[in-house]
Amino acid sequence: MVLEKTSSIEEKPLKLMDLPRPIPEQNQILVRISTCGVCHTELDEIEGRVSPSRFPMILGHEIVGRIEGLGQGAKKFEEGDRVGIAWINWACGHCTFCLKGEENLCDKAKWTGKDVYGGYAQYTVVSEDFAYPIPERFTDMKAAPLLCAGVIGYRALRLSGMGNGGVLGLYGFGASAHIVIQVAKHKYPDGKVFVFTRPGQKEHQDLARKLGADWIGAAGDTPPEKLNCAIDFTPVGEPVRQALGSLQKGGRVVVNAIRKVTPIPELDYTEHLWYEKEVKGVANVTRKDAHEFLPLAAEIPIIPETQEFRLKEVNEALILLKEGRMHGAGVLKIAE
Ligand SMILES: [Zn+2]
Ligand SMILES: [Zn+2]
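None of the values given here were measured: they were computed from a predicted structure. (Residues numbered from 1 in each chain as written. Chains lettered and ligands numbered in written order. Predicted model: local features only at pLDDT ≥ 70, side-chain atom pairs only at ≥ 80, totals over all residues. Heavy atoms only, no water.)

(A) Local environment of the environment of Asn89. Residue position: Asn89 is located in strand E6 (residues 88–90). On the basis of relative accessible area, Asn89 is assigned to the buried category, the value being 8%. In sequence terms Asn89 and Arg155 are 66 residues apart; their C-alpha atoms lie 17 Å from each other. Those residues in contact with Asn89 that lie beyond four places of it in its chain are Lys110, Trp111, Thr112, Val116, Val126 and Phe130. (Helix = DSSP H or I, 4+ residues; strand = E, 2+ residues; numbered from the N terminus. Buried < 20%, exposed > 50% of the residue type's maximum accessible area, 1.4 Å probe, protein only. Contact = heavy atoms within 4.5 Å.)

So this is what it looks like as structure tokens:
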């Protein structure tokens, strides 16, 4: 399903096309794709908030599949192995960011489905260094959302500074937040998780309740206790200010979004930042995040809620996601 130009998703711009099967180059693996998750970043790419580096582009960066070919020098995996591919597709390995373990900030990094062809397809190639073994306990369907929604949620939770006994606020309760609540409940059993959804978003509220949320309200509601930290997963600006307004002294808001569709409203220094409150973005993921998170997800275990689509239904899936009507994480089933 190929994107040829920036467009609104309502115009259903992703088109089914036949392209030649890619050939793995030095150290690359050829992956026959089984499932690929649908992420809000694809909406940002389609609608021009994060432009692909070239057109046409194949989007999709939560890829699960099996190795069907090895490029010269590739030796980490064997044909038939099941692997996952995430948003980080390549990093230079020697800039100041890469050397500090911050390859997510590498200026030369390439991103799956933005700079190189991604997972809305039957085949892809990737460096063997940027593919991850998938733990046995996950099906291809349940593994896909772990590769972005899960890994980046894990990174955001770490950056939030949440500790056992703390109060964590989650703004928005979609693909990533419903995984983060499960990690938080496992790692911080004495902590509390408060969930803020769009008003009237009953399905998201029901899922939050089922996954152990200690309080559920609408964005803008005043929670029963101040938050020690919060993660904002929403695509809009207002919740950043609302979260800062509900923070305890010294608290931190982490914004887990590649772009916002509306601006963050003006902040009042006394109300939103005084007493050492912080706001921090989370940008991309590292291989280390994926290597840490996937085994942890298997151990807990985290089983994502998924809504299944066929490859050719991806425009419709993205429209549901935009409207906030996706239940859990959308996943394309591409091969049996
Ligand atoms: Zn993503
Ligand atoms: Zn680098």
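Past the structure itself, the notes keep going.
(B) Structural view of the sheet that holds strand E14 (residues 247–255). Reading across the sheet, the six strands line up as E12-E11-E10-E13-E14-E15 and stay open at both edges, with parallel pairing between neighbours. Where the open sheet ends on each side, the last strands, each with one partner, are strand E12 (215–218) and strand E15 (278–281). Here the average twist between neighbouring strands, direction ignored, is 20°. Contacting strand E10 (167–171), strand E13 (227–232), E14 and E15, helix H4 (residues 149–160) runs over the sheet at an angle of about 155° to E14. (Pairing = 2+ DSSP bridges. Axes fitted to C-alpha atoms, helices over the stretch in contact; angles between N-to-C directions.)

(C) Quick peek at the coordination of the zinc ion (ligand 2). Protein-derived ligands of the zinc ion (ligand 2) are Cys92 (SG), Cys95 (SG), Cys98 (SG) and Cys106 (SG), with the metal-ligand distances lying across 2.3 to 2.4 Å. As a motif over one chain, the donors of the zinc ion (ligand 2) read C-x2-C-x2-C-x7-C. With Cys95 in the loop between E6 and helix H2 (96–99) and Cys106 in the loop between H2 and strand E7 (110–111), the pair connects residues that are eleven residues apart, well separated along the chain. (Donors = N, O, S within 2.8 Å, 3.2 Å for Na, K, Ca; no water.)

(D) View of helix H6 (residues 202–210). Residues His204, Gln205, Leu207 and Ala208 constitute the buried set of H6. Across the axial projection of H6, the buried residues extend over an arc of 160°, all falling on one side. Residues of H6 that are exposed and point over 90 degrees away from its buried face: Lys202 and Lys210. Taken together, the buried residues of H6 touch helix H5 (177–187), strand E11 (192–197) and E12. Phi turns positive, to about 95°, at Gly212, one or two residues after H6. (Arc of directions from axis to C-beta.)

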